[in-house]
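Below, each chain spelled out in residue letters.
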Amino acid sequence: MTRFYSGIAILALVAACGDGSPFNTVEDGDDKTPGSAYLDEEGTFLTLNNIAYDPGSDTLTINNIPFDDPENAYKRIQTETFANGFNAYESDPAPGSNEIQYFAVFRRSDSGQSQVAAAGTTAYVQFGYGGAGAQRLGANPTLPTTGIYSYNGEYAAVRTTLDAGPGGSNLAEFVTGDVTMRVDYGDFDDTGTVGGTVGNRRLYDTTGTQIGTLDGFISMQDSTIDFETQTIVSATVTEFVGGTATRSGSWEGVFAGPNGEEIAGVLFVEGDDVREVGGFVTTQ
């Protein structure tokens, strides 16, 4: 039996022991608004499809991830030492329950016009459930029709490594990084062009303490703009280490701000027993 089906067998066993549906939802359920982007169409286990944040209680709510918390609530990791505006969160499994541990990163932009979150776990034989989401919080922007612009900002992710270390247990870590993007609103013809990179990646343990750095960078392949929804169409993303492509996945995003001054996006790369799921916020 392959490891993939072993993971499914474990999932089925946990679900059978529960006292209700494992797919708890936030009030609004699946976020179908045009001003949002999720990875839930990119992989069977990238199921996250809505996020919400309560600044009063500093609680992050993540929808459509099974066995995390009956209320889908994630608490802040107070020991986290990120320096880029993101914060780290975790689910809080109740003793003796069927809940499992998830880790997440979240940031609301400085303007309050957008927010992103990403989540992952080590509880399965394979990578398990997780995902990432980006939301536009303000009014729909009026995008330029011509011109070339630069965007710069911050990135954070949950990185899962399978069978890490001599004990054979999976490993969860946090990653932060810097994002550079460029947008040509006039070409290709009526679709525009958007691409970028994630570099200067720093690695943290699950307490949020920096433990090292990561070589290489992540390249977001040029994509196109959907001017009707002010979003960025899904495109390929590739991680390069030492000039060699090591992992791949996809990315997408949304424009925010009155004239599209912000881009909030999500991505994942997977391969070589590692999956990294993250989000970013950039400004013009």
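What you see is a predicted model, and the numbers here were worked out from it, not measured in a lab. (Residues numbered from 1 in each chain as written. Predicted model: local features only at pLDDT ≥ 70, side-chain atom pairs only at ≥ 80, totals over all residues. Heavy atoms only, no water.)

K.L.:
How should I be thinking about the sheet that holds strand 7 (residues 114–121) in this particular structure?
P.N.:
In a beta sheet, neighbouring strands pair by backbone hydrogen bonds and run either parallel or antiparallel. Overall, antiparallel pairing links the 8 strands, which are arranged 1-8-7-6-5-4-3-2 in an open sheet. Only two strands of the sheet have a single neighbouring strand rather than two, namely strand 1 (36–38) and strand 2 (50–54). Looking at each pair of strands side by side, their axes are set apart by 20° on average, direction ignored. One ladder, built from 5 bridges, connects strand 2 with strand 3 (residues 59–63); its direction is antiparallel. (Pairing = 2+ DSSP bridges. Helix = DSSP H or I, 4+ residues; strand = E, 2+ residues; numbered from the N terminus. Axes fitted to C-alpha atoms, helices over the stretch in contact; angles between N-to-C directions.)

K.L.:
Could you clarify how one ought to interpret the layout of surface pockets in this entry?
P.N.:
One water molecule sets the probe size; rolling that probe over the atoms shows where empty space is left. A volume near 370 Å³ is recorded for the largest pocket. In terms of lining residues, the largest pocket is bounded by 21 residues, among which S36, A37, Y38, E41 and E252 are the most central. For the lining of the largest pocket, the elements supplying multiple residues, two or more each, are strand 1, strand 15 (231–241) and strand 16 (244–256). Considering every element that reaches the lining of the largest pocket, the biggest residue donor is strand 15, with 4 residues. (1 Å grid on protein atoms, 1.4 Å probe; cavity = no way out; pocket = protein on both sides within 12 Å on 5 of 7 lines; lining within 4 Å. Points joined across faces, edges and corners; volume = space filled by probe spheres on them.)

K.L.:
In this structure, what is going on with the packing of aromatic side chains? I would like to understand it.
P.N.:
The geometry of an aromatic ring pair is captured by the separation of the ring centres together with the interplanar angle, meaning the angle of the planes. Evaluation of the coordinates by the stated rule reveals 12 aromatic pairs. Judged by centre distance (5.8 Å) and plane angle (80°), the ring pair of F82 and F174 falls under edge-to-face. With a gap of 92 residues between them, F82 in the loop between strand 4 (73–76) and strand 5 (87–90) and F174 in strand 10 (residues 169–184) connect regions that are remote in the sequence. The pair F82 / F174 is uniform in exposure class, with both members buried. Ring geometry for Y89 versus F106: centroids 6.4 Å apart, planes at 85°, classification edge-to-face. Residue Y89 is found in strand 5, and its partner F106 is found in strand 6 (residues 102–108); the two are separated by 17 residues along the sequence. Considered together, Y89 and F106 belong to a single accessibility category, that of buried residues. A connected cluster of aromatic rings, assembled from ring pairs, spans F82, F103, F174 and Y204. (Phe/Tyr/Trp six-rings, centres within 6.5 Å; stacked < 30°, edge-to-face > 60°. Buried < 20%, exposed > 50% of the residue type's maximum accessible area, 1.4 Å probe, protein only.)

K.L.:
In this structure, what is going on with the confidence of the model for the protein chain? I would like to understand it.
P.N.:
Reading fine detail from the predicted coordinates is not recommended where pLDDT is low. Mean pLDDT for the protein chain: 90, with 88% of residues reaching 70 or above. Below pLDDT 50 for its whole length, residues 1–27 participates in 36 contacts with residues either more than four positions away or in separate chains. (pLDDT = per-residue confidence, 0-100. Contact = heavy atoms within 4.5 Å.)

K.L.:
Mind showing me how you'd approach the environment of P34 here?
P.N.:
Tracing the chain through its elements places P34 in the loop between helix 1 (3–17) and strand 1. C-alpha of P34 to C-alpha of R136: the two residues are 102 residues apart in sequence and 8.9 Å apart in space. Apart from the residues within four sequence positions on either side, P34 is in contact with T229 and T231.

K.L.:
Even after reading the chapter, I still don't get the pattern of salt bridges, so can you show me in this structure?
P.N.:
It is possible for side chains bearing opposite charge to pair when their charged atoms get close. Applying the stated criterion to the full structure yields 13 salt bridges. Taking the shortest distance from any N to any O, the salt bridge between D58 and R76 comes out at 2.9 Å. Here D58, found in the loop between strand 2 and strand 3, pairs with R76, found in strand 4; they are 18 residues apart in sequence, far enough to count as distant. What makes D58 buried here is its relative accessible area of 16%. Taking the relative accessible area as the measure of exposure, R76 reaches 25% and is therefore partly exposed. Across the salt bridge formed by R202 and D178, the nearest N and O atoms sit 3.8 Å from each other. Residue R202 is located in strand 11 (residues 193–204), and its partner D178 is located in strand 10; the two are separated by 24 residues in the primary sequence. According to the relative accessible area criterion, D178 is partly exposed, its value standing at 33%. (Salt bridge = Lys/Arg side-chain N within 4 Å of Asp/Glu carboxyl O.)

K.L.:
Sorry, what's going on with the side chain of R247 here?
P.N.:
Along the chain, R247 turns up in strand 16. Among the polar contacts listed, one links the side chain of R247 to the backbone oxygen of G271, at a separation of 3.0 Å. In this structure R247 touches R159, V237, T238, E239, V269, E270, G271, D272 and V274, once residues within four positions along its chain are discounted. (Polar contact = N/O pair within 3.5 Å; in protein donor to acceptor, adjacent residues only side chain to side chain.)

K.L.:
Before we go on, may I ask you to explain the side chain of E276 in this structure?
P.N.:
By the element assignment, E276 lies in strand 18 (residues 274–283). Engagement of the side chain of E276 in a polar contact is seen with the side chain of Y155, the distance being 2.6 Å. Polar contacts involving the side chain of E276 include one to the side chain of R159, which spans 2.5 Å. If near-sequence neighbours (up to four positions away) are discounted, E276 is found in contact with Y155, A157, V158, R159, V175, R201, L214, I218, L267, F268 and V269.

K.L.:
How should unusual backbone geometry be read in this particular structure?
P.N.:
Across the chain, the bulk of peptide bonds are trans and the bulk of non-glycine residues have phi less than zero. With an omega of 10°, the peptide bond running from D187 to F188 counts as cis. Within the secondary structure, F188 is located in the loop between strand 10 and strand 11. Its identity as a non-glycine residue notwithstanding, D58 has a phi of 55°, on the positive side. Here N64, not a glycine, exhibits a phi torsion of approximately 75°, which is positive. Following the sequence through the fold, N64 ends up in the loop between strand 3 and strand 4. N64 gets classed as buried once you look at its relative accessible area, which sits at 18%.

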